[in-house]
Amino acid sequence: MTPQSTGAGPEITERITVAAPARTVYAAVADVRRMARWSPECFAVWVTRRDSGRPERFVGWNRRGPFLWFTTCRVVTATPGEEFAFDVTTFGQPVARWGYRFAETGAGTDVTEYWQDRRNGAARLLGRVFTGRAATERPVVNRDGMRETLRRLKRELEAA
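Only a predicted model underlies this, so the values are computations on that prediction, with no experimental measurement involved.

Criteria and thresholds
Residues numbered from 1 in each chain as written. Predicted model: local features only at pLDDT ≥ 70, side-chain atom pairs only at ≥ 80, totals over all residues. Heavy atoms only, no water. Helix = DSSP H or I, 4+ residues; strand = E, 2+ residues; numbered from the N terminus. Rg over C-alpha atoms; globule rule 2.2 N^0.38 Å. Buried < 20%, exposed > 50% of the residue type's maximum accessible area, 1.4 Å probe, protein only. Contact = heavy atoms within 4.5 Å. Areas by Shrake-Rupley, 256 points an atom, 1.4 Å probe, with all protein chains shown as cover. Lys, Arg positive; Asp, Glu negative; His and termini not counted. Charge placed at Lys NZ, Arg CZ, Asp CG, Glu CD. Salt bridge = Lys/Arg side-chain N within 4 Å of Asp/Glu carboxyl O. Core = buried A, V, L, I, M, F, W, Y, C linked by side-chain atoms within 4.5 Å. Polar contact = N/O pair within 3.5 Å; in protein donor to acceptor, adjacent residues only side chain to side chain.

> So what exactly am I meant to see when it comes to the overall build of the protein chain here?
Secondary structure summary: the protein chain contains five helices and seven strands in total. For 160 residues, the compact-globule estimate of 2.2 N^0.38 gives 15 Å, and the protein chain sits close to it at 15 Å. Considering only C-alpha atoms, the protein chain reaches an extent of 45 × 35 × 30 Å along its principal axes. The burial tally for the protein chain puts 43% of its 160 residues in the buried class. Within the protein chain, contacts between residues at least 6 apart in sequence are counted, and of these 50% link residues at least 24 apart. Working note: accessible area of the protein chain is about 8400 Å², and carbon and sulfur atoms make up 53% of it. A gap of 4 Å separates the mean positions of the 26 positive and 18 negative side-chain charges of the protein chain.

Following this line, the structure appears as structure tokens:
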């Protein structure tokens, strides 16, 4: 399926190199509960369903200033050492696909975080109500958050 047929917007990416093997970085990211330590918006994750011990569905709790909201997430790609991605919805409405791609280099692992907007009109309205941000602001806000998330991930994994 092409992005146009799914209603998906362009993919926004940020990248950083982490001095650790790809499988190590993947394992950290795929333990979705740890996201609350790195993300500037996410403060808690509740895993609601597992498959062979790995998260399959989870709820992300987010905060920005006085705004508080949750999203429901379903893991769609879980390839150790290569890619981890999940689809995000709110109140049954599509929101986004978030993911991470991993590529080993001589210096460690290049980690690419990506976000693809999948909101329809209802989700854009809900986003405005719960996050206090217009839909047009979300790409910039997310890019800034991705940079911070990746910096924190790098700092934690390289200190280990």
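> Looking at this structure, I do not really get the pattern of salt bridges. What am I missing?
Opposite charge on two side chains permits pairing when their charged atoms draw close. Taken as a whole and assessed by the stated rule, the structure comprises 19 salt bridges. Glu-41 serves as the salt-bridge partner of Arg-64, at 2.7 Å between the closest nitrogen and oxygen. Here Arg-64 is found in strand β3 (residues 54-64), whereas its partner Glu-41 is found in the loop between α3 (35-38) and β2 (42-51), with 23 residues between them in sequence. Judged by relative accessible area, which is 25%, Arg-64 ranks as partly exposed. Judged by its relative accessible area of 13%, Glu-41 falls in the buried class. We note a salt bridge from Arg-101 to Glu-83, for which the minimum N-O separation is 3.8 Å. Remark: Glu-83 occurs in strand β5 (residues 83-90) and Arg-101 occurs in strand β6 (residues 93-105); sequence separation between them is 18 residues. In this structure, a network of salt bridges that share partners links the residues Glu-14, Arg-143, Asp-144 and Arg-147.

> So what exactly am I meant to see when it comes to the nonpolar core here?
In a soluble, globular protein the nonpolar side chains are often hidden away together inside. Formed by 32 residues in total, the largest nonpolar core has its most connected members in Val-25, Phe-84, Phe-102, Val-111 and Leu-153. Every residue in contact with Leu-153, bar those within four places of it in the chain, is listed here: Val-25, Ala-28, Val-29, Trp-38 and Val-111.

> It is not clear to me how the side chain of Thr-109 should be interpreted in this structure. Could you clarify?
Note on placement: Thr-109 falls in strand β7 (residues 108-117). There is a polar contact of 2.6 Å between the side chain of Thr-109 and the backbone oxygen of Ala-20. Beyond its immediate chain neighbours, meaning those up to four positions away, Thr-109 contacts Ile-16, Thr-17, Val-18, Ala-20, Pro-21, Ala-22, Val-25, Phe-102, Ala-103 and Glu-104.

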